[in-house]
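In case you want the letters, here they are:
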Amino acid sequence: MDYDVIIIGAGPGGIYAAYELTKENNGLKVAVFEAGKRLEERICPIDGVNVKSCINCPSCSIMSGFGGAGAFSDGKYNITNDFGGTLHEYIGKDEAIRLMKYVDEINMSHGGEGTKLYSTANSSFKKLCRQNNLILLDASVRHLGTDINYVVLSNLYDELKDKVDFCFRTPVEHIKVIDGGYSVITAEGRFTCKKCIVSVGRSGSKWIEEVCHELGIPTESNRVDIGVRVELPAELFSHITDELYESKIVYKTEKFEDRVRTFCMNPRGSVVNENTNGIVTVNGHSYEDPEKQTNMTNFALLVSKHFSVPFKDSNGYGESIARLSNMLGGGVIVQRFGDLIRGRRTNYKRLADSFVVPTLKAEPGDLSLVLPKRILDGIIEMIYALDKIAPGTANDDTLLYGVEVKFYNMEVSVNERLETKYDGLYMIGDGSGVTHSLSHASASGVFVARDILRQL
Ligand SMILES: Cc1cc2nc3c(=O)[nH]c(=O)nc-3n(C[C@H](O)[C@H](O)[C@H](O)COP(=O)(O)OP(=O)(O)OC[C@H]3O[C@@H](n4cnc5c(N)ncnc54)[C@H](O)[C@@H]3O)c2cc1C
C-alpha cells in the first residue's frame, strides 16, 4: 500500500484526524488529498471595489482548501451536544464532550490561548428567555475569531506538513475497494491505502452522494434550514453577547408551531457571501481583534424543513429558494424589517436613509418574493419575540439578508465507529451528515483516528 491512511478533505475533520494519527510520530504513512488550495493561497476575489459579488471561482476559497469551510469562519467552537450535529448519537454524549474539550486543548496549544470561553451555565438570561416564550440552549463556546482561527490553522499546518503528505488542488474522483484496503483515484493518479477517512464537508456533498451510490452505501435525506441573516446595531444585543457571545435561542411560532432558531451569532461582525456549488447565500463572521470589529451584530434566523415522501430532496428545495433570490437580486438580497412588514421592497434610497449601514453590499429588494409565507411568518414572529428580550430588534431599520440556507449532507449510514459497511472506510464531519459544526467535525476526526490507531 502507498499509505496506511488516506484522508480526503483538509477541513477540521481531516486536519484533526491527521493530527491525532501522527502526533506520536509513530511512523504511520498518512496522506491528505484536498480539492482546494493551501491556506495562504485561499483568497476570495471579492474586494468590494473591482469585484463586488461572487464570480463563481472553480474552487471557492471560502469553502475549500486547508481549513475547509471553517478557515475564515468566526471560529466559534461550541462544546455541546444540544446542537452542531448528532455525533453523540453514535459515540455517546460523554465521549463527544470529552473529544470536543480535547480539540479545544489542541486549539489552545496552537495559538488560541487567551481567547475567551463563554458559557450559558448559571446565566440569568435563561430565565428572561423562558419568560418570553424563548428557550436558550446550553453550551460553552470558545470564540477564536476569524484572525486567531487562521493562526491556529497555520500552526497546525506547520506541525503537520513534515509528517503528512498534503496534496492540494487534488480532488478525489473515485474510491475503489481493493484487497486489504482502498484505491483513491485522482487526476494525478491512483493511490492505495489500508484505511480511508472521507471528510469532504458541505462542498463535497454532491461527490459523497456519488461515492455512496457507487459503493452501495445507504444514505438518508437530511433536513435543510432556510431563513435570513439579521443585522442590527451591536448595542441592542450587547447585554446578551457580552455575557454569552453566541446564544442559540429557539422559538415555537404561535401560528404554525414551527421552530425558529438563532444561529451563528457574530457580535460586532460582518455579513458575508457564501457560495455553495454556485449558489450564493449569506453567512457571517467576526474578529477577535477589536481593531477589525464593526459596530453591528449579525445572526441567522432559521426554520428547518425535512422532506421525505414522495419528495425527499430537502437540499434541492433549499437550493431552489436560494436560486430565486439569486435570480431576483443577482446574489444576496437585503431588506429593512420596516419595509418587509409594510409589504414593500427596500430600494437604494430607503437603505441610504436608514440609520444603519449594512456590512455587506447586497441588492436591496423584497424577501417576501423569495421566502415561502410559512417561513417568513415564522421569522417575523421570532423578531417580535426577540424584541422583548432585546428591545430594538424589531426596529424598522433592522436589516434582513436573504437567503441564508444551511444545507445538510445526506446522512450516510455509518456504525458507532463512524465506519461504513466497508472495513476501514470512515465517513466523518459535515460530509457524512453526522456533524454540522467545527467542534463536532473536529471531534469526529480525532475519534476515527483513535479507532484506526487501535487497529494498525
Ligand atoms: C462562512 C462560514 C462560517 C462558519 N462559522 C462557523 C462557526 O463559527 N462555528 C462552527 O461551528 N461552524 C461554522 N461553520 C461551519 C463549519 O465551517 C463546518 O461545520 C466545518 O468546517 C465542517 O468541517 P468538515 O471537515 O466536515 O468539512 P469542511 O470544512 O467543509 O472541509 C471539507 C474539505 O474537503 C474538501 N473536498 C471536498 N470534496 C473533495 C474531494 N472530492 N476531494 C478532495 N477534497 C475534497 C473541500 O475542499 C474542503 O476543504 C461556518 C461555515 C462557513 C462557510
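### Some points on the pairing of strand β14 (residues 259-266)
Line of reasoning, step 1. The element β14 is extensively covered by neighbouring structure, given that 7 of its 8 residues are classed as buried.
Line of reasoning, step 2. With 3 bridges joining them, strand β13 (residues 249-252) and β14 adopt antiparallel strand pairing. Its bridge partner being in β14, Lys252 is matched across the sheet by Arg259.
Line of reasoning, step 3. What sits between the antiparallel neighbours β13 and β14 is a turn of 6 residues, in which Glu257 has the positive phi angle 55°.

### Some remarks on the packing of helix α3 (residues 93-112) against helix α5 (residues 145-160)
Line of reasoning, step 1. Between α3 and α5, whose axes approach to 8 Å, the crossing angle comes to 95°. On the basis of their axis angle, the class for α3 and α5 is roughly perpendicular. The residues of α5 that touch α3, namely those facing Asn107, His110, Gly111 and Gly112, are Ile148, Val151, Val152, Asn155 and Leu156.

### As for the sheet that holds strand β4 (residues 116-119)
Line of reasoning, step 1. Strand order across the open sheet formed by 3 strands is β3-β6-β4, with antiparallel pairing between neighbours. Looking at which strands have only one partner, the edges of the open sheet turn out to be β3 (76-79) and β4. Averaged over neighbouring strand pairs, the angle between their axes works out to 20° when direction is ignored.
Line of reasoning, step 2. Looking at chain direction, β4 and strand β6 (residues 140-143) are connected through 4 bridges and run antiparallel. Bridging across to β6, Tyr118 finds its partner in Val141.
Line of reasoning, step 3. On top of the sheet, α3 reaches β3 and β6; it is set at about 150° to β3, its chief contact.

### Quick look at unusual backbone geometry
Line of reasoning, step 1. In this structure, the amide linkage connecting Val309 to the following residue, Pro310, adopts the cis form with an omega of -10°.
Line of reasoning, step 2. Checked against the element boundaries, Pro310 lands in the loop between β17 (296-305) and α8 (314-329).
Line of reasoning, step 3. In the Ramachandran plot, Asn122 falls in the positive-phi region, its phi being about 60° despite a non-glycine side chain.
Line of reasoning, step 4. Checked against the element boundaries, Asn122 lands in the loop between β4 and α4 (125-131).

### Description of the site of the ligand
Line of reasoning, step 1. By nearness alone, 44 residues border the ligand, and Gly9, Gly11, Gly68, Gly201 and Gly429 come closest of all.
Line of reasoning, step 2. Those elements giving two or more residues to the shell around the ligand turn out to be α1 (12-22), β3, β16 (279-285) and α12 (438-455).
Line of reasoning, step 3. A class-by-class count of the residues in the shell around the ligand yields 14 nonpolar, 24 polar and 6 charged.

### Considerations on the packing of α1 against α12
Line of reasoning, step 1. Two elements in contact, α1 and α12, have axes whose closest approach is 7 Å; the angle formed by their N-to-C orientations is 35°. Read as a crossing pair, α1 and α12 show a hand that is right-handed. Between α1 and α12, the contacting residues are Pro12, Gly13, Gly14, Ile15, Tyr16, Ala17, Glu20 and Leu21 on the first element and Leu438, Ala441, Ser442, Ser444, Gly445, Val446, Val448, Ala449, Arg450, Ile452 and Leu453 on the second.
Line of reasoning, step 2. Among the residues forming the contact of α1 with α12, the class breakdown is 12 nonpolar, 5 polar and 2 charged.

### Structural notes on the pairing of strand β9 (residues 181-186)
Line of reasoning, step 1. Of the pairings in the sheet, the one linking strand β8 (residues 172-178) to β9 comprises 6 bridges and is antiparallel in character. Of the residues in β9, the one forming a bridge with Val177 is Tyr182.
Line of reasoning, step 2. The hairpin turn running from β8 into β9, its antiparallel successor, is 2 residues long, and Gly180 in that turn takes a positive phi close to 80°.
Line of reasoning, step 3. Sheet topology note: the β9/strand β10 (residues 189-198) ladder contains 5 bridges and is antiparallel. The residue of β10 that forms the bridge with Tyr182 is Cys193.
Line of reasoning, step 4. Hairpin connection between β9 and β10: a loop of 2 residues separates the two successive antiparallel strands.

Thresholds applied
Residues numbered from 1 in each chain as written. Predicted model: local features only at pLDDT ≥ 70, side-chain atom pairs only at ≥ 80, totals over all residues. Buried ≥ 20, exposed ≤ 12 C-beta atoms within 10 Å, placed from the backbone. Helix = DSSP H or I, 4+ residues; strand = E, 2+ residues; numbered from the N terminus. Pairing = 2+ DSSP bridges. Axes fitted to C-alpha atoms, helices over the stretch in contact; angles between N-to-C directions. Parallel < 35°, antiparallel > 145°, perpendicular 65-115°, else oblique. Contact = placed C-beta atoms within 7 Å. Near = placed C-beta within 6 Å. Nonpolar A, V, L, I, M, F, W, Y, C, P; charged D, E, K, R; others polar. Left-handed = near helix turned anticlockwise from the far one by under 90°.

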